[in-house]
Amino acid sequence: MADLKALADAVINGDQNTALEITKAALEEGTAAKDVLDNGLIAGMDIVGARFKKNEIYIPEVLIAARAMKMAMKVLEPELVKAGVEPVGKLLIGTVQGDLHDIGKNLVAMMLKGAGFEVIDLGVDVGPEKFIEQVKAANAQVIGISALLTTTMPGMEKTIKALKDAGIAVKVMIGGAPVTQDYADRIGADGYAPDAASAVDLAKSLVA
């Protein structure tokens, strides 16, 4: 039997080669793609997220773990599609208009993928129109908007207002260094996450 605990450990340690080898071997042995995802990759990323929350590990370690997961996902994704495994939810993510910072956003996107979400990353400097156009095209349930500058934060409010004006029912979560729960409440966002691991929990609760 495939050792999915070893796969989880390979993800936690950021060991890309081992993660890839175990994933391939598990599929060849006939292990269900969903088992490999849930008990290997997601189980590993869950532990990474929990350690990150407790400040036991930092962003570089999370990025290395996420990279190992991404390598394994390349092999696993076609099998998940074949098996008809649905993602936990579909989420659009982007950095707000006028803001070119993406490290935090990329980290959140990776962690969400690690939790079984389908993530469409719109990149940086994303205006309200692009969010509207893409949420319609992708039929996403959640939008994640990030800002690192206090000067670009009003773009979040503009985007939420534009979505409401367009009659689009989508949950909006926001985050970034200057953002607070108070600001999220004030602009009518559905949620705020202080870090990437919390963003995953929040996204799960918004699609539940």
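Residues numbered from 1 in each chain as written. Predicted model: local features only at pLDDT ≥ 70, side-chain atom pairs only at ≥ 80, totals over all residues. Heavy atoms only, no water.

Asker: Help me understand the pattern of salt bridges, please; the structure alone is not making it clear to me.
Answerer: Evaluation of the coordinates by the stated rule reveals 8 salt bridges. Ionic pairing is found between Asp201 and Lys53, a salt bridge with its closest N-O pair at 2.4 Å. With Asp201 in helix H9 (residues 196-207) and Lys53 in helix H3 (residues 33-53), this pair connects stretches of sequence that are 148 residues apart. The residue Arg186 makes a salt bridge to Asp182 at a minimum N-O spacing of 3.3 Å. Of this pair, Arg186 and Asp182 are both found in helix H8 (residues 181-187), 4 residues apart, which corresponds to roughly one turn of the helix. Assigned by exposure class, Arg186 and Asp182 land together as exposed. (Salt bridge = Lys/Arg side-chain N within 4 Å of Asp/Glu carboxyl O. Helix = DSSP H or I, 4+ residues; strand = E, 2+ residues; numbered from the N terminus. Buried < 20%, exposed > 50% of the residue type's maximum accessible area, 1.4 Å probe, protein only.)

Asker: Just checking my understanding: could you explain the sheet that holds strand S1 (residues 90-95) for this structure?
Answerer: Either a parallel or an antiparallel arrangement is found when strands of a sheet pair, and the pairing is made through backbone hydrogen bonds. Taken in spatial order, the 5 strands of this open sheet run S2-S1-S3-S4-S5, and their pairing is parallel. Looking at strand neighbours, the two that pair on one side only are strand S2 (118-121) and strand S5 (191-192), the edges of this open sheet. As paired strands, strand S3 (residues 142-146) and strand S4 (residues 171-175) are joined by 5 bridges and run parallel to one another. By the bridge assignment, Ile145 is partnered in S4 with Ile174. Across the face of the sheet, H9 comes into contact with S1, S3, S4 and S5 while running at roughly 170 degrees to S4. (Pairing = 2+ DSSP bridges. Contact = heavy atoms within 4.5 Å. Axes fitted to C-alpha atoms, helices over the stretch in contact; angles between N-to-C directions.)

Asker: Would you mind going over the side chain of Thr31 with me for this structure?
Answerer: Along the polypeptide, Thr31 turns up in the loop between helix H2 (16-28) and H3. For Thr31, a relative accessible area of 10% translates into the label buried. Sequence-distant contacts of Thr31, that is, excluding residues within four places in its chain, are made with Ala2, Leu4, Ala26 and Val36.

Asker: I would appreciate a short explanation of the pairing of S4 in the present structure.
Answerer: Looking along a regular strand, one sees the side chains alternate between the two faces of the sheet. With 4 of its 5 residues buried, S4 lies for the most part within the structure. Regarding topology, helix H7 (residues 154-165) serves as the crossover connection from S3 to the parallel S4, and that connection is right-handed. Note that S4 and S5 share 2 bridges and pair parallel. Paired with Ile174 across the bridge in S5 is Tyr192. Since S4 and S5 lie parallel, the crossover through H8 that links them has a hand, and here it is right-handed. (Right-handed = clockwise from strand over helix to strand, strands pointing away.)

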